[in-house]
Amino acid sequence: MKVLVIGVHMDDAECLTGTMAQLIDKGAEVTYLNIKHYQHYKGNNPIADAQSMRGAELIGAKKIILDYNIDKYYRTNGQSIRDTEQVIRDINPDIIFIMHPEDNHIEHVECAHTPREAIFAAAVDGYIPNEIYSYATGPKQSMCYFEPDIYIDVEEKLDDIKKVLITHMHVDHVKS
């Protein structure tokens, strides 16, 4: 089984670390896709990229980072849709997780639209995931609009979650 998790910020997809670690333990190939922009990181930040890549590696996932030099806010645009569509074609995932389209963070909302358009475009040529889920990034972001249909107990993966999240907090965790 192939799983694709799409987020805009370098730590968004990691909200699903416990679930992804469980799927990896069961043999799934998990790929995180970040559709990020430079503005959020005040310029291209290879250290943040390396931290994020390392976090994915810690649980056995892959990570793809698409960078866009956008002046203000992330926006759904033709290039990000085409690039995301190509990732979907290359991976041909069985399951895709996208950000919830109702959120208090405009970049999360916009990032929910990009994969939706890319999924529709890839489906024209038969690249159709079996399942698509949306996820929330936290109580102050989308939880006020989001009532999950599924709850997954990830308590057994708390050590993995901690290791991954720490990689996003400390620059000194990046190995050269």
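Now for a description of the structure that goes with this document. The shown structure was predicted, so the numbers you read here are calculated from the model rather than taken from an experiment.

**Description of the pattern of salt bridges**
- All told, the structure shown has eight salt bridges when counted by the stated rule.
- For the salt bridge of Glu 14 with Lys 63, the shortest nitrogen-to-oxygen distance reads 2.6 Å. Taken as a pair, Glu 14 in the loop between β1 (2–7) and α1 (17–25) and Lys 63 in strand β3 (residues 62–68) lie far apart in primary sequence, 49 residues in all. Here the two residues Glu 14 and Lys 63 agree in accessibility, since each one is buried.

**Observations concerning the packing of helix α3 (residues 78–91) against helix α4 (residues 106–123)**
- At a minimum axis distance of 8 Å, the contact between α3 and α4 shows a crossing angle of 55°. In terms of axis orientation, α3 runs oblique to α4. Taken as a pair, α3 and α4 cross one another with a handedness that is right-handed. On α4, the residues that touch Ser 80, Ile 81, Thr 84, Glu 85, Ile 88 and Arg 89 of α3 are Thr 114, Pro 115, Glu 117, Ala 118, Ile 119, Ala 121 and Ala 122.
- Split into classes, the residues belonging to the contact of α3 with α4 amount to seven nonpolar, three polar and three charged.

**Concerning unusual backbone geometry**
- Unusually for a residue other than glycine, Asn 92 sits at a positive phi of about 50°.
- Residue placement: Asn 92 occurs in the loop between α3 and β4 (95–99).
- Its relative accessible area of 36% is what places Asn 92 among the partly exposed residues.

Rules behind the numbers
Residues numbered from 1 in each chain as written. Predicted model: local features only at pLDDT ≥ 70, side-chain atom pairs only at ≥ 80, totals over all residues. Heavy atoms only, no water. Salt bridge = Lys/Arg side-chain N within 4 Å of Asp/Glu carboxyl O. Helix = DSSP H or I, 4+ residues; strand = E, 2+ residues; numbered from the N terminus. Buried < 20%, exposed > 50% of the residue type's maximum accessible area, 1.4 Å probe, protein only. Axes fitted to C-alpha atoms, helices over the stretch in contact; angles between N-to-C directions. Parallel < 35°, antiparallel > 145°, perpendicular 65-115°, else oblique. Left-handed = near helix turned anticlockwise from the far one by under 90°. Contact = heavy atoms within 4.5 Å. Nonpolar A, V, L, I, M, F, W, Y, C, P; charged D, E, K, R; others polar.

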